[in-house]
Amino acid sequence: MAAIKIDGLSKTFGRRKALDNISLNIAPGEMVALIGASGSGKSTLIRHVSGLVKADADELGHIAVHGRKIQEMGGITNDARQIRRDIGVIFQQFNLVGRMSVLSNVLTGLLGRVPALRGTLGLFTRAEKLLAMQALDRVGIAETARQRASTLSGGQQQRAAIARATVQGARVLLADEPIASLDPASAKRVMESLSDLNRKDGVTVLVSLHQVDYARKYCPRTVALRNGTVAYDGPSDALDHRALRALYGSAIDELVIPEAPEVWQPVAPAARALESATA
Amino acid sequence: MGARTSYAGRPFSFRYLWQERYPVTQATHQQVTLPPRDWGRTFYHWLIVAVVVFVFLWSWAPAEMYLFVNLYTDAGNMAEYAEGFIHPNFEEIDYYIEEMILTVEIAVWGTGLAVLSSIPLGILSSSNMAPFWIVQPVRRLMDTFRAINELVFAVLFVVAVGLGPFAGVMALFIHTTGTLAKLYSESVEAIDPHPVEGIRATGAIRLQEIVFGVIPQVLPLWISVSLYRFEANVRSATVLGLVGAGGIGQVMFESIRGFQYAQSAAILIVVIVTVTMTDILSQQLRKLAI
C-alpha cells in the first residue's frame, strides 16, 4: 500500500488553477523531493496532503495516506484529525509557539496520542518528557529545551519542529520548504535530520525544495511541478542542468543555487574613457 | 543674523514669533512648479471642520452651556461649598478604610468573574475561531452588556438580589464581560495563524489548538487589559454605592446628602489614595506581563 496516494487532485484559487489533475504515488520509506519555481504548486500540494486545505469538489479526486482517505470529493474527511496524527508536517516558518518553551513545543507533538483531557491540560508524564528530550537530543538542540522557542535561531527552530514531528511518531513526514528561510549551514543540518529520520526510522518523507541541488543530494526521487502539473517524476540524478532547462526554460535560475559571482569585471573601456574625461 | 539664529536666552517677545529666523533658500530650478491643488480633498477637509463646529454649536443651548457665566457670578457659593472640604474629618477613618476595602473586594470579584467568562466568550466572538453564525450573536450580546452602564445593572441587581455588595459584584461582572470579551477577541483576531496550524498538524483537537496555539500568543495582552479593567472597576465600584450596591459609595453619598462635607472630604481622600495605589500596582504588574 502506498504511503501517500494522490489521485486526480485539482485546486483552483479564483480562476487560477494551482493544481491540475495531479496523481502521485509514494511508497513507504521513500524520500521524495518536490521541486518547482515559486507558484508551481509545491506548498499547495503539501497542504492538501496534510489536510490543511480543501481540494476542489471533484468526484474523482482524493488523497489517501496509508490507505486512509484524508480528502475526498473536495472535503476533508471526518477522520482527518485521526490521520493527521500519523502525518508530521514541517513548515517553512517553523510554526512553533514562540512564547512556549522548546520542550513544551516538542511535547505538543504528543497531543494526538495522549488522552484529550490530559493533553489539553498539558499534563505530560515524565516518560513523555524524556521522549521529547531524546528527540531534541537527536536533532542536536537538547540544551535549548528550557528556552522560549522564539529565542532560537531559525535553524534551531526548524530542528525543534522536526523533533515535534518525531515525538508524534508519524510514519509520513511532509516538509513544506523547510530550508527556504535558512542559511546554508542550517539548511544542511535540517536536511540531514530529515534524511536521518528517513534512513534510520524508515519514515516516508516528502519535502518541497526550491533548489534542485538539495534534491539531488538528499532525495533519490524527485517530482517536479510546473504550473500545477507533474512535469517530471523520476530519479533525482537524471535531473541535470539540461533536463531542467528543458523543463523550466529561463525560470531555471530560480531552481539552481547560483554559481559564485564572477570576479568583478574591470570597468568597460567606454566607461573608463568617460571617467577620465570628467576627471 | 546672529540674533536671528538662536532663541535661547532671549527674553520672550511676540515680535519674535513673526520674525524670519533662517533665510529660506530659494528654488533654483526654474522648471519646478507647485502641483495643482486637489480641490476635492480641500473641500472635504473643510467640510469635516464645518461639521465638527456645527455639532458643537448645535449642542450649546441644549447642554445649557450659556450658564458658564454662573461659574463666575456664583463663585462665592462655590467657594463656600468648597470651604467645607478644606478640613477633612478623619474621625471615622477606620470605617472608611473598611468600606474602601469592601469596594476593592467588589471590584476583585466582579473583574475575576468577568475574566473567566470572557475567555470562552472572547474566543467565540473571534471571526478566525468560530463560524459567523456564532460570532455575530455572541458579539451582539457583548455589545448589549457593554452598552448598559454598571450603575443601571446595579439598580437591576439590587432589585433582583437585594441591597448590598453582591449586587455590585454582579453589575461589574456583566458590564466588564462585555468589554473584556471584545478586547480579548480583538487580540485573538490579530494572532499569527502559523503556530495554530503547527498544532493542528499534530492531530490535536480544536480545544488543544486554542490552548496551545492561541492562548500563549494572546496571554500577555489579555493580562494587560484585564488589569486595566480591574483599575477601572475599582473606580466604578466607588459609585455603585449610590444605588445601594454596597461599598464606600454608599457612605460617600450619605455624607454628601447630609451636608457633612468634612467627612465627605475624608472619604474622597481615601478613594483617591486607593485608586492611585491600584493604578500604580496594576501598571507595574502590566509591565511584567508584556
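Anything mentioned here points back to the structure above.
Sorry, what's going on with the overall build of chain B here?
Helix and strand content of chain B: 13 helices and 0 strands. The N-to-C order of helical and strand elements in chain B reads α-α-α-α-α-α-α-α-α-α-α-α-α. Relative to the compact-globule value of 19 Å for 290 residues, chain B shows a C-alpha radius of gyration of 28 Å, a clear excess of over 25%. For chain B, the C-alpha atoms occupy an extent of roughly 80 × 70 × 40 Å along the three principal directions. Taking all 290 residues of chain B together, the buried fraction comes to 37%.

In this structure, what is going on with the packing of helix H10 (residues 193-200) of chain B against helix H11 (residues 206-240) of chain B? I would like to understand it.
When two helices pack together, their arrangement is captured by the angle between the axes and the distance separating the axes. Residues and elements named next belong to chain B. Across the interface, H10 lies against H11 with an axial gap of 9 Å and an inter-helix angle of 150 degrees. The orientation of H10 with respect to H11, classified from their angle, is roughly antiparallel. Considering how the two elements wind past one another, H10 and H11 form a crossing that is right-handed. Every residue of H11 that contacts H10 at Pro195, Val196, Ile199 and Arg200 is listed here: Arg206, Gln208, Glu209, Phe212, Gly213, Val214 and Gln217. Of the residues assigned to the contact of H10 with H11, the class counts are 5 nonpolar, 3 polar and 3 charged.

Explanation requested: the sheet that holds strand S3 (residues 31-35) of chain A in the structure shown.
Pairing between the strands of a sheet comes from backbone hydrogen bonds, and it takes one of two forms, parallel or antiparallel. Residues and elements named next belong to chain A. Read from one edge of the open sheet, 6 strands run S7-S8-S9-S3-S10-S11, paired in mixed fashion. With partners counted over all chains shown, the strands left at the sheet margins are strand S7 (87-90) and strand S11 (229-235), one partner each. If you compare each strand with its neighbour and ignore which way they point, the axes differ by 15 degrees on average. Sheet topology note: the strand S10 (residues 221-226)/S11 ladder contains 6 bridges and is antiparallel. Its bridge partner lying in S11, Arg221 is registered against Pro235. Lying over the sheet, helix H9 (residues 241-248) contacts S3, S10 and S11, oriented at roughly 25 degrees with respect to S10.

What is the right way to read the side chain of Ser117(B) from this model?
Residues and elements named next belong to chain B. Here Ser117 shows up in helix H6 (residues 93-124). Engagement of the side chain of Ser117 in a polar contact is seen with the backbone oxygen of Ala114, the distance being 3.3 Å. Once residues within four sequence positions are removed from consideration, Ser117 is found in contact with Phe173 and Thr177.

I'm lost on helix H8 (residues 150-161) of chain B in this one. Help?
Structural remark: α-helix, 3.6 residues per turn; residues separated by three or four positions point the same way. Residue and element names in this part refer to chain B. When the terminal C-alpha atoms of H8 are compared, their 15 Å separation across 12 residues agrees well with the 16 Å that a helix rising 1.5 Å per residue should span. Buried positions along H8 lie against helix H7 (132-147), helix H9 (165-189) and H11. The positive-phi residue at the C-terminal boundary of H8 is Gly162, with phi of around 95 degrees.

What should I look at first to understand the pattern of salt bridges in this one?
Any two side chains of opposite charge can pair, given that their charged atoms come close. According to the stated counting rule, one finds 22 salt bridges over all chains in the structure shown. Here Asp86(A) ties to Arg68(A) by a salt bridge, and the two come within 2.6 Å at their closest N and O atoms. Remark: Arg68(A) occurs in strand S5 (residues 68-72) and Asp86(A) occurs in the loop between helix H2 (80-85) and S7; sequence separation between them is 18 residues. The exposure class assigned to Arg68(A) is partly exposed, which follows from its relative accessible area of 34%. Of the charged contacts in the structure, one is a salt bridge between Lys182(B) and Glu186(B), with a shortest N-O distance of 3.5 Å. In this pair, Lys182(B) and Glu186(B) both sit in helix H9, 4 residues apart, roughly one turn of the helix. Given the relative accessible area of 37%, Lys182(B) is considered partly exposed. The exposure class assigned to Glu186(B) is partly exposed, which follows from its relative accessible area of 41%. Connected via shared salt-bridge partners are Arg81(A), Arg200(B), Arg206(B) and Glu209(B).

Looking at this structure, I do not really get the interface of chain A and chain B. What am I missing?
A common way to express how large an interface is: the accessible area buried when the components associate. With 24 residues of chain A at the contact, the number on the chain B side is 22 residues. In this assembly, chain A packs against chain B so that about 2,000 Å² is buried in total across both faces, 63% of it on carbon and sulfur atoms. Applying the counting rule to chain A against chain B returns 2 salt bridges. A salt bridge links Arg81(A) to Glu209(B), with the nearest nitrogen and oxygen atoms 2.9 Å apart. Between chain A and chain B we count 9 residue pairs in polar contact (both at pLDDT 80 or more) in total. Contributions of two or more residues to the side of chain A that touches chain B are made by H2, S7 and helix H4 (116-120) of chain A. Among the residues forming the side of chain A that touches chain B, the class breakdown is 9 nonpolar, 9 polar and 6 charged.

Looking at this structure, I do not really get a nonpolar patch on the surface. What am I missing?
A surface patch of nonpolar side chains, amounting to about 1,100 Å² of accessible area, comprises Phe43(B), Tyr44(B), Leu47(B), Ile48(B), Val51(B), Val52(B), Phe54(B), Val55(B), Phe56(B) and Trp58(B). Summarising the element assignment, Val51(B) is placed in helix H3 (residues 39-60).

How should I be thinking about the sheet that holds strand S2 (residues 16-26) of chain A in this particular structure?
Residue and element names in this part refer to chain A. In spatial order, the strands read S2-S1-S4-S5-S6; together these 5 strands make up an open sheet with antiparallel pairing. Two strands close off the open sheet at either side, each with one partner strand: S2 and strand S6 (75-76). Note that strand S1 (residues 4-13) and strand S4 (residues 62-65) share 4 bridges and pair antiparallel. If you follow Ile6 over to S4, its bridge partner there is Ile63. In this fold helix H1 (residues 42-49) packs onto S1, S2, S4 and S5, with an angle of close to 120 degrees to the strand it touches most, S1.

Basis of the calculations
- Residues numbered from 1 in each chain as written.
- Chains lettered and ligands numbered in written order.
- Predicted model: local features only at pLDDT ≥ 70, side-chain atom pairs only at ≥ 80, totals over all residues.
- Heavy atoms only, no water.
- Helix = DSSP H or I, 4+ residues; strand = E, 2+ residues; numbered from the N terminus.
- Rg over C-alpha atoms; globule rule 2.2 N^0.38 Å.
- Buried < 20%, exposed > 50% of the residue type's maximum accessible area, 1.4 Å probe, protein only.
- Axes fitted to C-alpha atoms, helices over the stretch in contact; angles between N-to-C directions.
- Parallel < 35°, antiparallel > 145°, perpendicular 65-115°, else oblique.
- Left-handed = near helix turned anticlockwise from the far one by under 90°.
- Contact = heavy atoms within 4.5 Å.
- Nonpolar A, V, L, I, M, F, W, Y, C, P; charged D, E, K, R; others polar.
- Pairing = 2+ DSSP bridges.
- Polar contact = N/O pair within 3.5 Å; in protein donor to acceptor, adjacent residues only side chain to side chain.
- Expected span 1.5 Å × (residues − 1).
- Salt bridge = Lys/Arg side-chain N within 4 Å of Asp/Glu carboxyl O.
- Buried area = accessible area lost by both parts, 1.4 Å probe.
- Patch = residues over 30% accessible without salt bridge, like charges linked within 9 Å, V, L, I, M, F, W, Y side chains within 5 Å.
- Areas by Shrake-Rupley, 256 points an atom, 1.4 Å probe, with all protein chains shown as cover.

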